[in-house]
Amino acid sequence: MKWNEVSIHTKESNEESFSIFLNKISKGVSVEHSLDILKRKIDDFDDKYRLDPKDYPESDIRIVVYFDETVDLDDKMDAIHSFIDEEPLDAKADIKVAVKQIDEADWENEWKKYFHSFRVSEHFVIVPSWELDEYEFLEGNKLIKLDPGMAFGTGDHPTTSMCLKLVERIVRPEHKIIDVGTGSGILTIGAHLLGARDLKATDIDDLSIKVARENFELNGCAEDIVLETGDLLKDETEQYDIIIANILAHIVDDMIDDAYSRLNDGGRFIASGIITEAQEGITSHMSAAGFKIEEVLKENGWVSILAQKV
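Per chain, residues are indexed from 1 in the order of the written sequence. Two thresholds apply to this predicted model, a pLDDT of at least 70 for residue-level local features and 80 or more for giving and counting side-chain atom pairs, whereas whole-chain, interface and lining totals are computed over all residues. As a rule here, side-chain values cover all heavy atoms of the structure and leave hydrogens and water aside.

As annotated in an unreviewed UniProt entry, the protein chain is Ribosomal protein L11 methyltransferase from Salinicoccus siamensis. Quoted straight from UniProt, the Subcellular location (unreviewed entry) entry for the protein chain says "Cytoplasm". UniProt positions are given in the numbering used here, feature names are shortened, and annotations may be inferred rather than shown by experiment. Listed under Catalytic activity (unreviewed entry) in UniProt, the entry text for the protein chain is "L-lysyl-[protein] + 3 S-adenosyl-L-methionine = N(6),N(6),N(6)-trimethyl-L-lysyl-[protein] + 3 S-adenosyl-L-homocysteine + 3 H(+)".

Peer 1: Where do I start with the overall build of the protein chain in this structure?
Peer 2: By the criteria applied, helices consist of DSSP H or I runs no shorter than four residues and strands consist of E runs no shorter than two, each listed in order from the N terminus. What the protein chain contains, in helices and strands, is 10 helices and 14 strands. Residue burial is assigned from relative accessible area. The probe radius is 1.4 Å, only protein chains are included, and a residue is buried under 20% of its type maximum, exposed over 50%, and partly exposed in between. The burial tally for the protein chain puts 52% of its 310 residues in the buried class. Only the protein chains shown count as cover for residues, and all accessible areas are computed by the Shrake-Rupley method using a 1.4 Å probe. By element, 44% of the accessible surface of the protein chain is carried by carbon and sulfur atoms, the whole surface being about 14600 Å².

Peer 1: Is there a simple way to think about the sheet that holds strand β1 (residues 2-10) in this case?
Peer 2: Pairing between the strands of a sheet comes from backbone hydrogen bonds, and it takes one of two forms, parallel or antiparallel. Taken in spatial order, the 4 strands line up as β2-β3-β1-β4 in an open sheet, and their pairing is antiparallel. Two strands in the sheet have a free side with no partner beyond their single neighbour: β2 (29-33) and β4 (96-103). When the angles between neighbouring strand axes are averaged without regard to direction, this sheet yields 25°. DSSP bridges decide pairing: two strands pair if at least two such bridges lie between them. In this sheet, strand β3 (residues 61-68) lies alongside β2 in antiparallel orientation, the contact comprising 5 bridges. Bridge assignment links Val-31 to a residue of β3, and that residue is Ile-63. Only the contacting stretch of a helix is used when fitting its axis, a line to C-alpha atoms as for every element, and angles between N-to-C directions run 0 to 180 degrees.

Peer 1: Sorry if this is basic, but what is going on with helix α8 (residues 206-218) here?
Peer 2: Side chains that are three or four residues apart share a direction in an α-helix, a result of its 3.6 residues per turn. A helix's residues, less one, multiplied by 1.5 Å, set its expected span. The terminal C-alpha atoms of α8, which comprises 13 residues, lie 19 Å apart, in line with the 18 Å expected from a rise of 1.5 Å per residue. Of the residues making up α8, those classed as buried are Leu-207, Ser-208, Ile-209, Val-211, Ala-212, Asn-215 and Phe-216. Packing partners of the buried residues in α8 comprise β1, β7 (142-146), α7 (186-193), β9 (198-203) and β10 (225-229). Looking at the residues trailing α8, positive phi occurs at Gly-220, about 65°. Residue contacts are defined here by distance: any two heavy atoms, one from each residue, within 4.5 Å place the two residues in contact.

Peer 1: So what exactly am I meant to see when it comes to the packing of helix α1 (residues 15-25) against helix α4 (residues 73-86) here?
Peer 2: For any two helices packed against each other, the geometry is given by the interaxial angle and the distance between the axes. The N-to-C vectors of α1 and α4 enclose an angle of 155°; their axes lie 11 Å apart at closest approach. The angle between α1 and α4 places the two elements in the roughly antiparallel class. The two elements α1 and α4 meet at a crossing, and its hand is right-handed. The residues of α4 that touch α1, namely those facing Ser-17, Phe-18, Phe-21, Leu-22 and Ile-25, are Lys-76, Ala-79, Ile-80, Phe-83 and Ile-84. For this scheme, ten residues count as nonpolar: Ala, Val, Leu, Ile, Met, Phe, Trp, Tyr, Cys and Pro. Four count as charged, namely Asp, Glu, Lys and Arg, and the remainder, Gly too, count as polar. Grouping the amino acids of the contact of α1 with α4 by side-chain chemistry returns 8 nonpolar, 1 polar and 1 charged. Any angle between 65 and 115 degrees counts as roughly perpendicular, while under 35 counts as roughly parallel, over 145 as roughly antiparallel, and the rest as oblique. Crossings are classed by handedness, with left-handed meaning an anticlockwise turn of the near helix from the far one by less than a right angle and right-handed meaning a clockwise turn.

Peer 1: Would you explain the confidence of the model for the protein chain in this entry?
Peer 2: The predicted coordinates should not be examined in detail at positions where pLDDT is low. Along the chain, pLDDT gives the predictor's confidence residue by residue, from 0 to 100. Across the protein chain, pLDDT averages 85, with 85% of residues at or above 70. Averaged over each element, pLDDT in the protein chain is lowest for helix α3 (residues 45-48) (50) and highest for strand β8 (residues 176-180) (98).

Peer 1: It is not clear to me how the sheet that holds strand β11 (residues 240-246) should be interpreted in this structure. Could you clarify?
Peer 2: Read across the sheet, 7 strands follow the order β10-β9-β8-β11-β12-β14-β13 without closing on themselves; strand pairing throughout is mixed. Each end of this open sheet is capped by a strand with a single partner; those strands are β10 and β13 (291-299). Shown here is a sheet whose adjacent strand axes are inclined to one another by a mean of 15°, direction ignored. Judged from the 8 bridges that link them, β13 and strand β14 (residues 302-309) form a sheet pairing that is antiparallel. Paired with Phe-291 across the two strands is Lys-309, which belongs to β14.

Structure (structure tokens):
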């Protein structure tokens, strides 16, 4: 299969607006920051990363979205240009939109240019398969081996990294866990590394299911995970100790009541993919459903919420 890659070069201040819009018309968005921005945000950047400047935007950010060859690309491009024309974006005149076609077989090589090993929390380290031979393992590290494929979720976006920090904090071996909208499977793999063995991962997208299965096999945890196509929690009948959903705010909002019903007493709900503007609405709905808000993490305009069924 061939894919159309649409890249948008714009100011960092436009990231949130573009991400929300593009997630509505596609199945995922990738954001590439210039090295200057990365160095500003990450302590000891030069010690942690060895990146080629040619692989990154010279300035600001590049937002990338993919549409497969069966999608009407003209319709998508019209929607993108209309969004740019109508929304109050910064430096509109400098926004550049480019399109190129890539083969699915070339996707791995595209990721190799941009995706490198990095530490995401106190113990979790993300390592792409092509860097495993070079990685210097340190005692206490929990390695999540990852090939993103055509699914999203590499750990470098705040929504995923904050989820991993919460997973690291609360998951215990005895917990029964479901990861809704698993994407690349990264959060389920993290839970498995913490000793959990009663695990389920679901996604509505068949391609994500394929990629997640490959990553579970890469990490040697496939036998402990039930992987299914599923639409949120609508068809779930079992009870869980932890429900994880790193999706989008309006989708999280749709599943709050179901999450409360499907959790055991004292169970936790990790919800992410939420923009700061949507935080109050989400936490209010959670509280009304019976949840106690335990913790809220914030990073770069995104929010992750840890709530407990009480």
